[in-house]
Amino acid sequence: MQNIGNIDRIIRIVLGILLLALVFVGPQTPWGWVGLIPLITGLVSFCPLYAIFKYNTN
């Protein structure tokens, strides 16, 4: 079941990639691993928090 629309999905994927880049370039901070969350939710088009709050951008 998808609950993330196309625009939301693109934003999540781009944001996730940018945050992951912080792990390897720039400040090389481990906080960049947080980027996995928006990246994965964007790739699978499903956000568990959206499901909990019955929110849908699809």
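Residues numbered from 1 in each chain as written. Predicted model: local features only at pLDDT ≥ 70, side-chain atom pairs only at ≥ 80, totals over all residues. Heavy atoms only, no water.

Trainee: For this particular structure, what's the right way to read the pattern of salt bridges?
Mentor: Two side chains bearing opposite charge may form a pair once their charged atoms approach each other closely. Summed over the entire model, instances satisfying the criterion amount to one salt bridge. For Arg-12, the salt bridge is made with Asp-8, and the minimal N-O distance between the two is 3.1 Å. Of the two residues, Arg-12 and Asp-8 both sit in helix H1 (residues 6-24), four residues apart, roughly one turn of that helix. For Arg-12, a relative accessible area of 13% corresponds to the buried category. (Salt bridge = Lys/Arg side-chain N within 4 Å of Asp/Glu carboxyl O. Helix = DSSP H or I, 4+ residues; strand = E, 2+ residues; numbered from the N terminus. Buried < 20%, exposed > 50% of the residue type's maximum accessible area, 1.4 Å probe, protein only.)

Trainee: Would you explain the side chain of Ser-45 in this entry?
Mentor: With respect to the helices and strands, Ser-45 occurs in the loop between helix H2 (36-44) and helix H3 (48-52). You can call Ser-45 buried: its relative accessible area is 3%. A distance of 3.3 Å separates polar atoms of two side chains, one belonging to Ser-45 and the other to Arg-9. Apart from the residues lying within four places of it in its own chain, the contact partners of Ser-45 are Met-1, Gln-2, Asn-3, Ile-4 and Arg-9. (Polar contact = N/O pair within 3.5 Å; in protein donor to acceptor, adjacent residues only side chain to side chain. Contact = heavy atoms within 4.5 Å.)

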